[in-house]
Structures are given as C-alpha cells and as structure tokens.
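These are the residues of each chain, in order.
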Amino acid sequence: VQLVESGGALVQPGGSLRLSCVASGNTNDGYLGGWYRQAPGKQRELVAGITSNGFTHYIGSVQGRFTIPRDNAKNTLYLQMNSLKADDTALYYCNFPLSGRSWGSGYWGQGTQVTVSS
C-alpha cells in the first residue's frame, strides 16, 4: 500500500486547511484509519482516527476543530482543520492499519508539513 499526503502549508492562526491522503496498491489489506502528527522534539501522536465502520475519535486538543472524513470510493482520507493554532504546527502523517489491527500499525505516508504562524 502506498500513501500520498498533500495539503500542508503555512497558515495564519485561526485559519483552515484540508489535508488529503490517497491510498493505492493492495488497499483491501486494511483501511485508511488515521492522522498522526509529530512536532519537533515531541513524540508522534494520534490526532484523529476513524474505524473501518466509520466511528471517529479525536484527541482533546482538536475536538470541535478537526474532522476526519473519508471517501472510500476514492480511497482518500481527509483531515479538515479549522481554527488552527500555533500548537498544531507539525508534520502530519496518514496511517493505514491492516485489517483487524489498531491505529498506528500498518502503513504510513511520507508526511505533509503544517505550519501555523503569523
């Protein structure tokens, strides 16, 4: 499975971005499941996850600001980010867990940089 993320950019505080992750290859092996991020000097963390049947989970700091829609027909996972803050600055990774496995397993994209700064 290959994952290609896009949509990262420099944005001002309070702005919005939409990240995209397109999966190709043996996509029947699992599902597009989550977005992680890693800021300099910090560990990679789960930002938002979606199960194979559509249940979503968000970490507290993005609850109400981010959503994680998925278009199964297009093999694409999105991360809609609103009201962005400086603390959201990080490299964002798409995750494709294998079937029956939890978020954080399986395949990863190369990352797309989000920088929130005035």
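Notes on the structure follow.

Basis of the calculations
Residues numbered from 1 in each chain as written. Predicted model: local features only at pLDDT ≥ 70, side-chain atom pairs only at ≥ 80, totals over all residues. Heavy atoms only, no water. Helix = DSSP H or I, 4+ residues; strand = E, 2+ residues; numbered from the N terminus. Rg over C-alpha atoms; globule rule 2.2 N^0.38 Å. Buried < 20%, exposed > 50% of the residue type's maximum accessible area, 1.4 Å probe, protein only. Contact = heavy atoms within 4.5 Å. Areas by Shrake-Rupley, 256 points an atom, 1.4 Å probe, with all protein chains shown as cover. Lys, Arg positive; Asp, Glu negative; His and termini not counted. Charge placed at Lys NZ, Arg CZ, Asp CG, Glu CD. Disulfide = S-S within 2.5 Å. Core = buried A, V, L, I, M, F, W, Y, C linked by side-chain atoms within 4.5 Å. Pairing = 2+ DSSP bridges.

## A few points about the overall build of the protein chain
Line of reasoning, step 1. Looking only at helices and strands, one finds zero helices and twelve strands in the protein chain.
Line of reasoning, step 2. Taken over C-alpha atoms, the radius of gyration comes to 13 Å for the protein chain, in line with the 13 Å a tight globule of 118 residues would show.
Line of reasoning, step 3. Over its C-alpha atoms, taken along the principal directions, the protein chain stretches across nearly 40 × 30 × 25 Å.
Line of reasoning, step 4. By the burial criterion, 45% of the 118 residues in the protein chain qualify as buried.
Line of reasoning, step 5. When contacts within the protein chain are restricted to residue pairs at least 6 apart in sequence, those whose partners lie at least 24 apart make up 55%.
Line of reasoning, step 6. For the protein chain, the accessible surface area stands at approximately 6,000 Å², while carbon and sulfur atoms represent 46% of it.
Line of reasoning, step 7. Here the protein chain carries 9 positive and 6 negative side-chain charges, and the mean point of each set is 2 Å from the other.

## Considerations on the state of the cysteines
Line of reasoning, step 1. Under the counting rule described, the total for this entry stands at one disulfide.
Line of reasoning, step 2. Each sulfur in the disulfide pair Cys-21 and Cys-94 lies 2.2 Å from the other. Its S-S torsion of approximately -80 degrees makes the covalent link between Cys-21 and Cys-94 left-handed. With Cys-21 in strand β3 (residues 17-24) and Cys-94 in strand β10 (residues 90-96), this pair connects stretches of sequence that are 73 residues apart.
Line of reasoning, step 3. Here Cys-21 falls in the buried class, since its relative accessible area comes to 0%.

## Some thoughts on the nonpolar core
Line of reasoning, step 1. Core analysis: the biggest nonpolar cluster contains 28 residues, and Trp-35, Leu-79, Met-81 and Tyr-92 have the highest contact counts within it.
Line of reasoning, step 2. Broken down by secondary-structure element, the contributors of at least two residues to this core are β3, β5 (45-50), β9 (76-81), β10 and β12 (112-116).
Line of reasoning, step 3. Non-local contacts of Met-81, meaning those with residues more than four positions away in its chain, are made with Gly-15, Ser-16, Leu-17, Leu-19, Arg-65, Phe-66, Tyr-92 and Val-114.

## Observations regarding the pairing of β5
Line of reasoning, step 1. Buried residues dominate β5, accounting for five of its six residues.
Line of reasoning, step 2. As paired strands, strand β4 (residues 34-38) and β5 are joined by four bridges and run antiparallel to one another. The residue of β5 that forms the bridge with Tyr-36 is Leu-46.
Line of reasoning, step 3. Hairpin connection, β4 to β5: the antiparallel pair is bridged by six residues, and Gly-41 has positive phi, about 80 degrees.
Line of reasoning, step 4. As defined by bridge partners, β5 adjoins strand β6 (residues 56-58) across three bridges and the pair is classed as antiparallel. Paired with Gly-49 across the bridge in β6 is His-57.
Line of reasoning, step 5. With antiparallel pairing between neighbouring strands as the criterion, β5 and β6 make up a hairpin whose turn holds five residues, including Gly-54 at a positive phi of roughly 100 degrees.

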